[in-house]
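# Residue-level structure breakdown
Spelled out from the first residue to the last, the chains are:
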Amino acid sequence: MSAPDESVVHGSKAVPKDLPSLDKLLRDCALLVAEHGHTLVANEARGLLDGLRARAVAGQLMRLELDALPQSLAARVQARLRPVMRVVLNLTGTVIHTNLGRALLADAALAQLLALMTAPNNLEFDLDAGGRGDRDTLIEALLCELTGAEAATVVNNNAAAVLLGIAALAGGREAIVSRGELVEIGGAFRMPDVMTAAGATLVEVGTTNRTHPRDYEQAITPRTGLIVKVHTSNYQVQGFTSAVSEAELAPIAHAASLPLMTDLGSGALVDMSAYGLPAEPMPQQMLKAGCDVVTFSGDKLLGGPQAGLIVGSRAAVSRIRKYPMKRALRLSKLPLAALEATLRLYLRPERLAQDLPTLRLLTRGQADIAALARHLLPDVAAAVAPRFTVEAVALQSQIGSGSLPVERLPSAGLAITAVDGRGRTLEALATALRGLSRPVIGRIQDDRLLLDMRCLEEPALLTAQLGLLKEALA
Ligand SMILES: *Cc1c(COP(=O)(O)O)cnc(C)c1O
């Protein structure tokens, strides 16, 4: 007589004793163990069996699922190995999106990373002299050539550049800033707090809307160490306003033997208006105007990796470089390699709008984007039907990352509306889009989910996922 068929006894439900032992499961999955080793596979097998046992006790486990145990285990192992930091599709319409990683690296920067990060390199080795070198020298000449500066250095990000610049140049004394420029960048980076952290005493001059040259002049005392200008990158004061330009301020600072530092935030190494984009102040202009130090970001309009660039006079940059905090804020070899390759692209300005992804996306024409939106419309409409309707619409993109906050770029995309007209349904769609293997990030505005196609350069990345989207919505 054969053993009684338990499925007859328990129907299609499985009970705890139907579960294989850990050893049996691992034997059944010998190939998986051979590939990944015992530790990870056994950990996941334990987790899998614990979960199934709990469901079996609750009478919720189907016998069918036991047959699929090896596949379930393999899927768990794969999921554990998949990084949580992933690529997404940025259809928000904001090109330099801080939450989505800001600037996309150029191919040249990626190639340089691949080549340099898997082998030893001359990060701090002087190949001519055959001895210890300085990582700053790898990019200093190039940065000086591009900006006209006498000297340059780089740190971890622009926030670090500002902090370090103030700490090194104000030297525990007073730093004068206009009230109209006491900005908060976000992430708790507020100018008054940065001053305190840098050991400088903030001296505010002028008013929120108007600051004059005499305000600075009258605030200068023997205790003053530095005058700071901050580009109001993420807001604009309009109406009855006046600010003192770097060109007006430099003679005032220098007459008192004080350095003038300006924080540009994004900054741009080329004239953005030449590309039909809103003008953004350039470090080279600020140096010409007489600034001793200019700081700006590597991953905003510059289009490179996270970095803080510091350019200026030899005397000022040398003080910054020697300041002890510099060592703690220095740039690592990864961004340094990517930054050098990115900066070299600026030697060929005619090709920049092709070579630099950020500039390529910012200069994409509306007609081109609108054609893409119309092309995608039928497939997207089919995927979200019948609960949603879709139309191709004109949209306004933003540059992002605090650059030029009031300027908009004419763009286009798809607007998705819930047929039942309720906001919750739209949230469910946004959630389903974020749940795709390459999450799609749009924006909800006026009861519509908007997908701005400006940053979609490979439409197949979206269309290939529409089947899964339809399933998720079913
Ligand atoms: C963005 C910004 C910063 C900070 O730059 P990070 O590179 O993000 O550290 C500082 N100042 C201004 C004016 C900015 O716009």
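Regarding its fold elements, the protein presents 22 helices and 17 strands. Whereas a compact globule of 474 residues would reach a radius of gyration of roughly 23 Å, the protein reaches 29 Å, over 25% beyond that. Counting only C-alpha atoms and orienting by the principal axes, one finds that the protein spans roughly 105 × 60 × 40 Å. Counting the 474 residues in the protein, one finds 47% classified as buried. By sequence separation, contacts in the protein at least 24 residues apart represent 74% of the contacts at least 6 residues apart. When the accessible surface of the protein is summed, it comes to about 22,900 Å², and 54% of that surface belongs to carbon and sulfur atoms. Counting 48 positive and 48 negative side-chain charges, the protein places the centres of these two groups 4 Å from one another.

Splitting the protein by domain gives domain 1 (7-81), domain 2 (89-98 + 363-473) and domain 3 (107-349). For domain 2 and domain 3, the distance between their C-alpha centres works out to 36 Å. With 11 residues of domain 2 in contact, the opposing surface of domain 3 contributes 13 residues. Of the roughly 970 Å² buried between domain 2 and domain 3 on both sides combined, carbon and sulfur atoms contribute 72%.

Before going further, it helps to examine the layout of surface pockets. Considering only enclosed or pocket space, the largest pocket measures out at about 780 Å³ in volume. Forming the boundary of the largest pocket are 23 residues, of which Val87, Val88, Leu100, Leu104 and Arg438 lie nearest the centre. Looking at the lining of the largest pocket, the elements with two or more residues in it are strand E1 (89-90) and helix H18 (357-362). Its residues placed into classes, the lining of the largest pocket shows 13 nonpolar, 5 polar and 5 charged.

Before going further, it helps to spend a moment on empty space enclosed by the protein. Applying the stated rule across the entire model yields 1 cavity of 30 Å³ or more. The space that makes up the largest cavity amounts to roughly 30 Å³. Val380, Val384, Ile416, Leu433, Leu451, Leu462, Leu466 and Leu469 are the residues that line the largest cavity.

Turning next to the sheet that holds strand E16 (residues 443-445). The antiparallel open sheet is built from 4 strands, whose spatial order is E13-E14-E17-E16. Whereas interior strands pair on both sides, the edge strands pair on one side only; in this sheet they are strand E13 (388-397) and E16. Each adjacent strand pair in this sheet contributes to an overall mean axis angle of 35°, direction not counted. The sheet contact formed by strand E14 (residues 409-418) and strand E17 (residues 448-452) spans 4 bridges and is antiparallel. Considered in E17, the bridge of Leu414 is made with Leu451.

Moving on: the pairing of strand E12 (residues 308-312). Among the 5 residues of E12, 5 are classified as buried, and the element is accordingly described as predominantly covered. Here E12 shows a buried face lined by Gly308, Ile310 and Gly312 and a second buried face lined by Leu309 and Val311.

Rules of the game
Residues numbered from 1 in each chain as written. Predicted model: local features only at pLDDT ≥ 70, side-chain atom pairs only at ≥ 80, totals over all residues. Heavy atoms only, no water. Helix = DSSP H or I, 4+ residues; strand = E, 2+ residues; numbered from the N terminus. Rg over C-alpha atoms; globule rule 2.2 N^0.38 Å. Buried < 20%, exposed > 50% of the residue type's maximum accessible area, 1.4 Å probe, protein only. Contact = heavy atoms within 4.5 Å. Areas by Shrake-Rupley, 256 points an atom, 1.4 Å probe, with all protein chains shown as cover. Lys, Arg positive; Asp, Glu negative; His and termini not counted. Charge placed at Lys NZ, Arg CZ, Asp CG, Glu CD. Domains from an automatic or database assignment. Buried area = accessible area lost by both parts, 1.4 Å probe. 1 Å grid on protein atoms, 1.4 Å probe; cavity = no way out; pocket = protein on both sides within 12 Å on 5 of 7 lines; lining within 4 Å. Points joined across faces, edges and corners; volume = space filled by probe spheres on them. Nonpolar A, V, L, I, M, F, W, Y, C, P; charged D, E, K, R; others polar. Pairing = 2+ DSSP bridges. Axes fitted to C-alpha atoms, helices over the stretch in contact; angles between N-to-C directions.

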